[in-house]
Amino acid sequence: MLLDFNKLGAWKWALSAICAVMSLFLLLPILFIVALSFGSSRWLIFPPPGWTLKWYEELFADPRWIGAALTSAKIGVIVMVISVALGLLASLALVRGTFRGREVLRAFFLTPMVLPVVIVAVALYAAFLRLGLNGTLVGFVIAHVIVALPFAIITITGALETFDPAIEDAAILCGASPWEARLRVTLPGIRHGLFSAAIFSFLISWDEVVLAIFMASPSLQTLPVKVWTTLRQDLTPVIAAASTLLVALTVLLMIAAAVLRKGKSE
Amino acid sequence: MFSAAAPRRGSGLGFAMPAILLLAAFFVIPVVFLLTRSVTEPQLGLQNYAALVGSSTYAKVFFNTFFVAGVVTLVTVLIAFPVAWALAIMPARWSAVVFAIILLSMWTNLLARTYAWMVLLQQTGLINRMLKAIGLIDQPLQLTNNLVGVTIGMVYIMLPFMILPLLGVIKKIDPAILQAAALCGATKWQALTRVLVPLATPGIASGALMVFVMSLGYFVTPSLLGGTANMMLAELIAQQVQSLVNWGMGGAAAFLLLLVTLGLYAVQLRFLDRKEAA
Amino acid sequence: MKKTMIALALASGLTSAAHAQDMVFTSWGGTTQDAQAAHWAAPFTEKGGPAVVQDGPTDYGKIKAMVEAGAVTWDVVDVEYDWALQAGKAGLLEPLDFTVIDKTKLDPRFVSDFAVGSFYYSFVLGWNPANFPDASPATLADLFDTAKFPGKRTFYKWSAPGVIEAALLADGVAPDALYPLDLDRAFKKLDTIKADIIWWEGGAQSQQLLASGEAPIGFFWNGRLSALQADGMEVGISWDQNITAADALVVPKGTKNKEAAMKFIAEATSAEGQAAFAAATGYAPVNLGSADLMDPAIRATLPDAQTAVQVNADMAYWADHRDEIGNRWYAWQAQ
């Protein structure tokens, strides 16, 4: 009954209300940013004294914004793939493994998350100086995978723990090889965990600024670094314009995906 | 019991090797090098740790760090649980919209979102002016530079990290179990506290772990929305490392943070084990 | 003209990888660095110097790591002046070559063995007249007087020359008796308004706080207030006891482009370079010859014109006590 929306009675409305309030809470700053991007006040005064498109003009006049966004997206996708792959393997070991010290290993995998990023950044930067990895895409990706990996491991182990291994066993008894069983039974079974891990890994990289400052080079600047320096120095609504474009792009992609899905199911 | 799904040869440790090797080479070795500076700079000895332990400021900042992280985790769980629950059972059309909003909020740059909150929550900000306009308050509320500001700003960032794992777990719960509870005469409240919440605990645990530990290391949002009275340890460490270039002191503080956090983690594991055994 | 120069500067910043003969200039980003690129780097390259790649933001931890590893990738860096003096002593910087850089033309306040001024500015009292219609604040004592001028006040958050001096001056310390800083007295004075302080972390935030009225009064970088005025905002400025601070240009120890770095600094601190940069940003020039090249109307808005009521922060004192003051400062803030 608690898992049947229509049999919830009054609770149905309470849950819906909480969802609605939270959605508003999540949307509020984004709508505010969208509004600021069209406002004429450089100092984020709201409601603005007038409306303008000049921040978008400034945005398009400076190719570094788009360059930085593309660099961020590229690094984010690579980090996501590696982090989920390594995280999945590590999680299989943690959840299904029989070796001693699994709990210690689990704690070990968490440490990059516990240490303040600035410590990781200085340490890694000093190491990369000696290895010649500074300012390279490889170095950047390694740095971000290290901080993203704990998120992938936590979410995937969480999903694996609620997935009954007996289902995999059944597949093997029916003649599947262990790898086939893992690929075709377990992976779909924990797809929600994999999806969350992918999103988190991408976002950790996409929003990360401290490591990015250390790993950056003139040809490898990510969006958060550009936003960080611009916010400190200029606080210009150009940042709002850039954010608005990204939001618009995402909404378009989401709508397209929804339309495609609908078309398929019909 | 024999499980075919367990790795056939060996104990499964091999699966963890790529991650272990990566972390060993690019995390453990560099960080150990840096942290040794905490006992060698400015000279050999424990002077940095002595200064940390002896300082009332650091004690307060340590307390702030764990306190704020705790409050943020608690509030996040309280909001995320009903939302994930609703998302799991809502008509797909609605849940798709809510889900899209969650993803959208994460996609906007974290610094931009934090600045937006800062401006929104100011005494002269939109929220205070709206509350005044509808007559709820006479004097503007103090919503930034205090615990309220940090909590709003951080919960905002952390919500998706709690909702997504929870949603995955709740979706997998068999509705028949709750049906059974109802047949046995459980009230809705009993079914919630005795069946649904316990079954969702793995999701709550992994979400809470991520949110709590992430909060410990945050400083941009607390520093912009919490003011200096709620200073978190990560901010002091960043100042030592980047502004004062005192890596000995910064390393010492980071090492203590790591020790305390892993200690808490061990205590929590012990606690969970005992609960399971009982 | 200005547009093409900026375009040139942007183009040079975009070159995919630093060529062997290119040099790297690092600063704090934003429009300040854009102006440095346009008015220092572009003319430098035009006059036959190497192309200048723009990097950033400046990070002291990064400089220390580079120098320690002997793999320096930054040739000239814009840093805070007191940090430059401290880093020079700590062996992180190359001594400057004053046969290339003409120090006779530079303001002697901003010249030292390892660093020359990049630009200088003043901390000044600023307020939003809309919040104080009856009486205008005039002195630093007014800044600390919450009875006469109620409301939040905003100050620079980081440990740096400026706020501690202001507290002492407001408490009645004579400008020539400021150093050595009486920290106990300064913090006691700051304690009296601590609950009313909103800290600003970057120049832009200070402008937002003043413009929105969130903090109707505060202690600002002068250029930030003139920018607000240029944008049409009503802003009150009192130059009484304005406190000078500066950024510095330094060369990290062990750079492979030492010669080019010195030449770049010579160009950046030239009368023309400093005048053009000052006009674009509202910071004051460190070259004594720049004044004659500038529009008098712009000059009047710069700290240059306010030397009579100016208090110089003692950078050498700060360099020697930077860590000690910093530790106390952050401890006091966190209390």
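Structure shown above.
Presented here is an overview of the structure given in this document.

Points about the interface of chain B and chain A
Alright, step 1. Contact residues are listed per partner, giving 103 residues for chain B and 98 residues for chain A.
Alright, step 2. Summed over both partners, the interface of chain B with chain A comes to about 9400 Å²; 83% of that surface belongs to carbon and sulfur atoms.
Alright, step 3. By the criterion of area lost to chain A, the three top residues of chain B are Phe15, Trp107 and Lys188 of chain B, representing 9% of everything that side buries.
Alright, step 4. Our count for the chain B to chain A interface comes out at one salt bridge.
Alright, step 5. Of the charged contacts in the structure, one is a salt bridge between Asp207 of chain A and Arg113 of chain B, with a shortest N-O distance of 3.1 Å.

As for the interface of chain A and chain C
Alright, step 1. Listed by partner, the interface residues are 24 residues for chain A and 36 residues for chain C.
Alright, step 2. Note on chain A versus chain C: buried area summed over both sides is about 2500 Å², and carbon and sulfur give 59% of it.
Alright, step 3. For the chain A face of the interface with chain C, the top three residues by lost area are Trp43, Arg232 and Gln233 of chain A, together amounting to 29%.
Alright, step 4. The residue Arg64 of chain A makes a salt bridge to Asp34 of chain C at a minimum N-O spacing of 3.1 Å.
Alright, step 5. Viewed at the interface, chain C and chain A are joined by 10 residue pairs in polar contact (both at pLDDT 80 or more).
Alright, step 6. Elements with a minimum of two residues in the side of chain A that touches chain C: helix H3 (63-96), helix H5 (117-131), helix H10 (210-215) and helix H11 (223-233) of chain A.
Alright, step 7. Of all the elements, H11 of chain A adds the most residues to the side of chain A that touches chain C, at six residues.

Things to note about the environment of Tyr330 of chain C
Alright, step 1. Take Tyr330 of chain C: it is sitting in helix H13 (residues 315-334).
Alright, step 2. In this structure Tyr330 of chain C comes out as buried when scored by relative accessible area, which is 3%.
Alright, step 3. Considered as a pair, Tyr330 of chain C and Thr26 of chain C are 304 residues apart in the sequence and their alpha carbons are 27 Å apart.
Alright, step 4. Excluding anything up to four places from it in sequence, Tyr330 of chain C contacts Met231, Leu236, Gln239 and Ser243 of chain B together with Lys157, Trp158 and Ser159 of chain C.

A short note on unusual backbone geometry
Alright, step 1. Following Phe46 of chain A, the chain continues to Pro47 of chain A via a peptide bond in cis, the omega torsion being -5 degrees.
Alright, step 2. You can see Pro47 of chain A is positioned in the loop between helix H1 (10-38) and helix H2 (54-61).
Alright, step 3. Cis geometry marks the peptide bond from Tyr179 of chain C to Pro180 of chain C; its omega dihedral reads -5 degrees.
Alright, step 4. Along the chain, Pro180 of chain C falls in the loop between helix H6 (163-170) and helix H7 (183-191).
Alright, step 5. Phi at Leu235 of chain A takes a positive value of approximately 50 degrees, unusual for a residue other than glycine.
Alright, step 6. Structurally, Leu235 of chain A is set in the loop between H11 and helix H12 (238-265).
Alright, step 7. A relative accessible area of 2% means that Leu235 of chain A is categorised as buried.
Alright, step 8. We note that Val245 of chain B has phi near 50 degrees; this positive angle belongs to a residue other than glycine.

Side note on the pattern of salt bridges
Alright, step 1. One pass over the structure, following the stated rule, counts 26 salt bridges over all chains.
Alright, step 2. Residues Lys157 of chain C and Glu235 of chain B are paired through a salt bridge, measuring 3.0 Å at the closest nitrogen-oxygen approach. Of this pair, Lys157 of chain C sits in the loop between strand S5 (153-156) and H6 while Glu235 of chain B sits in helix H11 (residues 233-243), on two different chains. Per residue, the accessibility class of Lys157 of chain C equals that of Glu235 of chain B, and both read buried.
Alright, step 3. Taking the shortest distance from any N to any O, the salt bridge between Arg185 of chain C and Asp171 of chain C comes out at 2.8 Å. Placement of the pair is Arg185 of chain C in helix H7 and Asp171 of chain C in the loop between H6 and H7, with a sequence separation of 14 residues.

Criteria and cut-off values
Residues numbered from 1 in each chain as written. Chains lettered and ligands numbered in written order. Predicted model: local features only at pLDDT ≥ 70, side-chain atom pairs only at ≥ 80, totals over all residues. Heavy atoms only, no water. Contact = heavy atoms within 4.5 Å. Buried area = accessible area lost by both parts, 1.4 Å probe. Salt bridge = Lys/Arg side-chain N within 4 Å of Asp/Glu carboxyl O. Polar contact = N/O pair within 3.5 Å; in protein donor to acceptor, adjacent residues only side chain to side chain. Helix = DSSP H or I, 4+ residues; strand = E, 2+ residues; numbered from the N terminus. Buried < 20%, exposed > 50% of the residue type's maximum accessible area, 1.4 Å probe, protein only.

The values are spatial; any link to function lies outside them.
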